[in-house]
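Next come the chains, spelled out residue by residue.
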Amino acid sequence: MLAFFIDNMAPIMFLALVLFLLLGYPAAFSLGAVGLLFGLIGIELGLFVPDFLQALPERVYGVMNNDTLLAIPFFTFMGLVLERSGMAEDLLDTIGQLFGTVRGGLAYAVIFVGALLAATTGVVAASVISMGLISLPIMMRYGYDRRVASGVIAASGTLAQIIPPSLVLIVMADQLGRSVGDMYEGAFIPGLVLSCLYAFYVFLVTLVFPKATPGLPPEAVGFREANGGRGLTSLAILTVVSALFGWYRMRDSNTHGADFVVLTMFYGIMFAFAVAVLDWLIEKSFKVRVLSYIARQTTFVMVPPLFLIFLVLGTIFLGVATPTEGGAMGAVGALILGLLKRRLSFDLIRQAVQSTAKLSAFVVFILVGARVFSLTFYGVSGHIWVEHLLTSLPGGQVGFLLFVNAFVFVLAFFLDFFELAFIIIPLLGPAAEKLGIDLIWFGVILGVNMQTSFMHPPFGFALFYLRSVAPKEPYIDRVTGKKTDGITTGQIYWGAVPFVVIQVVMVVLVITFPAMVMHYKRGLSNVDPNKVKIDVPALDNLPPPDVQFNFK
Amino acid sequence: MLDGLLKSLLPLSRIIDSINAWLGRYLSWLILVAVIVSAGNATIRKIFDTSSNSWLELQWVLFGAVFLLCSPWTLMSNEHIRIDIVNNLMPRWLRGTIDMVGHAFFLLPLAIVMIVTGLPFFLRSFEINEQSGNAGGLPQWPSKGLIPLAFTLLFVQAISELIKRASIMRGLIPDPHENQQSTLEAEVDHLVDAIEKR
């Protein structure tokens, strides 16, 4: 009996963890307690030397000195400030009017703005809330299918999880022991492809069920010229010229991939902004106007997000800032933006720092708990047990990837991203590496997969956010005066299903076409290590040195 | 008898709560300080081509202080993340019991072990005035000292939670978290306010 217990301590420990977690006591402390309990049992049974537990403070200290984890509070804080700056609402208003009259136009606008906001910030923002408050009522007013409308909004909000500078990618890179910059480069194209898949789905809906996504009647959109036209030609010309300017400015640079796109967009928007300001000044003094209203307005709303993208991603890709510092730069940028728009108050900042502090505390404590757990778990060779289980799966790399993805997909129904990342990922990484799987590729695949944890009914955060702002009861529409039905929770759940399917398709695509990710190897532009003096010791993820164990 | 004991302990619980909430509320501002320090580091490195290990290490110490010392406050606000899929289906008394058992047999022992091992860890460092391994860095003992300090605060907060939970189950005080908005819900409310004020 005892021999059986000792031989199977790792599986027993894992089962105990599952049981304890399911009881619903805070995960951080359950993890720590299981680690401690089995550590004490191990000492009692003579598996560990008695001062085995002395390694615990060192593990907590390792978490404190982890530069990458600092990105968690920085990006969270940035997201919280940005959400209140009104940037998302301005974008949704303008882009919605721009695309509105096209069939499915509002849905495309939501996806476009979702992707743009995702490239600005790293948290599943409450861009879902902005969309739920601004775009959803308009969609309902003009008779969008409620499932399509709510699905598009929830899914577009989760794009923040996979498009850099995503917090998910940062934590994933940390847990897999890879560079965050590489993870960003690798995830950039899959993130764009995924946004295109969402748009393609909307396109299919407009073909098959034209009534589900009607275009807005012309009188519903603003920004009219004196002659009644919409001034789209002017916008198109400005866009093309700005893009050419950006390209011309960048033609000799040796950047490529994500860096190139980010910098070109930055130069392009600076050019368009200069033109728009000039045009505005000319109109002030000479009453002559070159640009249409919509061209000018679109330029003005696009400046803040593109500026922030440059501030965060641009500085990271240019090698000016580490990913962590990029988060801090973004946070400062968001504060400046809020100040300029006069949306910042002492109360707002206080709310933001307090929410950030609590979130950091519970997230990092999950990691602290996981470290305590892994000290014992690795001590009883649990990592070898898991690695053996995973590497002995039939089908080699593909079999492993299929199994792991199915496993994570199911777990994502119950577990939060951070729990998955701190408990599961460290166990999967070594096995993947042993099978010759590139860990950046692996991380991006899992990132796309885990995005579903935000839209899985019934606990997905994005669905939760949408539910809290979507009308439940029938209401009288402000504009048309007609009675409009609310949205049922069932409609929100069903709306998410096609997007969960798209996520699965995307996982398969990334597995089938690794080149989407692997191009990161071409451009390794990170901060010059000679300038950042500190090298964070990579000890964090390693098992404790063998000398501490006393196997008999 | 038990009720009398609990009643006499409730003031203690209130004192603990107010200390930890006060600490948490003020320390959370260190996030803003860390943001400014970190953005400043990157900017100064770019412009003046120089960097200081003290300033780099300072952001870690600030973050360490925030997440460690705000944890008791987070526990008090019932915001440490749980897997509530099964928990939500349980009757209230069972959930209360699980919390009591968890505080008593998971959290308290964990905190004790951390204090018992963390204190010598800190003292060893303090006695030799241990400096950073990076040239020009900060001394290490202050941040090492945060570990036993944080788990001491967590320990007393767990005691306070036990007193409160027992009192709630005996019907002595109302459950402060009964109609609690989760952090998420509170966030949503703040945001909707902010957006509708436009």
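Note that the coordinates shown come from a computational prediction; the quantities given were computed from them, not determined experimentally.

Cut-offs and rules
- Residues numbered from 1 in each chain as written.
- Chains lettered and ligands numbered in written order.
- Predicted model: local features only at pLDDT ≥ 70, side-chain atom pairs only at ≥ 80, totals over all residues.
- Heavy atoms only, no water.
- Helix = DSSP H or I, 4+ residues; strand = E, 2+ residues; numbered from the N terminus.
- Rg over C-alpha atoms; globule rule 2.2 N^0.38 Å.
- Buried < 20%, exposed > 50% of the residue type's maximum accessible area, 1.4 Å probe, protein only.
- Areas by Shrake-Rupley, 256 points an atom, 1.4 Å probe, with all protein chains shown as cover.
- Lys, Arg positive; Asp, Glu negative; His and termini not counted.
- Charge placed at Lys NZ, Arg CZ, Asp CG, Glu CD.
- Core = buried A, V, L, I, M, F, W, Y, C linked by side-chain atoms within 4.5 Å.
- Contact = heavy atoms within 4.5 Å.
- Expected span 1.5 Å × (residues − 1).
- Polar contact = N/O pair within 3.5 Å; in protein donor to acceptor, adjacent residues only side chain to side chain.
- pLDDT = per-residue confidence, 0-100.
- Buried area = accessible area lost by both parts, 1.4 Å probe.
- Salt bridge = Lys/Arg side-chain N within 4 Å of Asp/Glu carboxyl O.
- Nonpolar A, V, L, I, M, F, W, Y, C, P; charged D, E, K, R; others polar.
- Axes fitted to C-alpha atoms, helices over the stretch in contact; angles between N-to-C directions.
- Parallel < 35°, antiparallel > 145°, perpendicular 65-115°, else oblique.
- Left-handed = near helix turned anticlockwise from the far one by under 90°.

(A) Representation of the overall build of chain A within the structure. In terms of helices and strands, chain A carries 23 helices and two strands. In summary, chain A has a C-alpha radius of gyration of 25 Å against a globular reference of 24 Å for 552 residues, a match within 12%. Put simply, chain A has 552 residues, and 60% of those count as buried. Put simply, chain A shows about 21200 Å² of open surface, and 68% of that area lies on carbon and sulfur atoms. If the 33 positive side-chain charges of chain A are averaged to one point and the 33 negative ones to another, these points end up 12 Å apart.

(B) Fine view of the nonpolar core. All names here are of chain A. In this structure, Phe77 and Phe442 are the most contacted members of the largest nonpolar core, which totals 233 residues. Among the elements that line this core, the one with the most residues is helix α16 (residues 346–379), at 18 residues. Every residue in contact with Phe442, bar those within four places of it in the chain, is listed here: Leu176, Phe400, Leu401, Val404, Leu428, Gly429, Ala432 and Ile437.

(C) Region of the structure containing helix α20 (residues 439–450) of chain A. Residue and element names in this part refer to chain A. Taking 1.5 Å as the rise per residue, α20 with 12 residues should run 16 Å; its terminal C-alpha atoms sit 16 Å apart, in good agreement. Most of α20 is tucked away, with 12 of its 12 residues classed as buried. Along α20, the residues that are buried comprise Leu439, Ile440, Trp441, Phe442, Gly443, Val444, Ile445, Leu446, Gly447, Val448, Asn449 and Met450. Capping of α20 at its N-terminal end is provided by Asp438; its side-chain oxygen lies 3.0 Å from the backbone amide nitrogen of Ile440.

(D) Seen up close, the confidence of the model for chain A. Residues and elements named next belong to chain A. The share of residues in chain A with pLDDT of 70 or more is 94%, and the mean pLDDT across the chain is 84. By mean pLDDT, helix α1 (residues 2–7) is the weakest element of chain A at 79, and α20 is the strongest at 93. Considering only residues more than four positions removed or in separate chains, one finds that residues 524–552, a stretch of pLDDT under 50, has 60 contacts.

(E) Quick peek at the interface of chain A and chain B. Contacts between the two partners involve 85 residues from chain A and, on the opposite side, 73 residues from chain B. Summing the contributions of chain A and of chain B, the shared interface buries around 7400 Å²; its carbon and sulfur component is 75%. If you look at where chain A meets chain B, you find two salt bridges. Between Lys358(A) and Glu79(B) there is a salt bridge, with the nearest N and O atoms lying 3.6 Å from each other. Where chain A packs against chain B, one counts six residue pairs in polar contact (both at pLDDT 80 or more). Top element by residues in the side of chain A that touches chain B is α16(A). It accounts for 18 residues. A class-by-class count of the residues in the side of chain A that touches chain B yields 56 nonpolar, 14 polar and 15 charged.

(F) Expanded view of helix α2 (residues 30–48) of chain B. With 19 residues, α2(B) should cover 27 Å at 1.5 Å per step; its first-to-last C-alpha distance of 26 Å lies within 8% of that length. The complete set of buried residues in α2(B) reads Ile31(B), Leu32(B), Ala34(B), Val35(B), Val37(B), Ser38(B), Ala39(B), Asn41(B), Ala42(B) and Arg45(B). Buried residues along α2(B) sit against α5 (71–83), α15 (323–340) and α16 of chain A together with α1 (2–27) and α3 (53–69) of chain B. A positive phi of about 55° marks Asp49(B), the residue just after α2(B).

(G) The arrangement of the packing of α1(B) against helix α7 (residues 141–169) of chain B in detail. All names here are of chain B. Where α1 contacts α7, the two axes come as close as 9 Å, and the packing angle between them is 135°. Comparing their axes, α7 and α1 come out oblique. Seen from above, α1 lies across α7 with left-handed handedness. Here α1 contributes Leu6, Leu9, Leu10, Leu12, Ser13, Ile16, Asp17, Asn20 and Leu23 to the contact with α7, which in turn contributes Leu153, Val156, Gln157, Ser160, Ile163, Lys164, Ala166 and Ser167. Counted by class, the contact of α1 with α7 contains 10 nonpolar, five polar and two charged residues.

(H) Spotlight on the pattern of salt bridges. If you walk through the whole model with that rule in mind, you get 17 salt bridges over all chains. Here Asp279(A) ties to Arg296(A) by a salt bridge, and the two come within 3.0 Å at their closest N and O atoms. Here the residue Asp279(A) occupies a position in helix α13 (residues 258–286), and Arg296(A) occupies one in helix α14 (residues 293–318), the gap between them amounting to 17 residues. On the basis of relative accessibility, which here comes to 3%, the residue Asp279(A) falls in the buried class. A salt bridge links Asp3(B) to Arg170(B), with the nearest nitrogen and oxygen atoms 2.8 Å apart. Of this pair, Asp3(B) sits in helix α1 while Arg170(B) sits in the loop between α7 and α8 (183–196), and the two are 167 residues apart along the sequence. Classification of Arg170(B) by relative accessible area gives partly exposed; the value is 46%.

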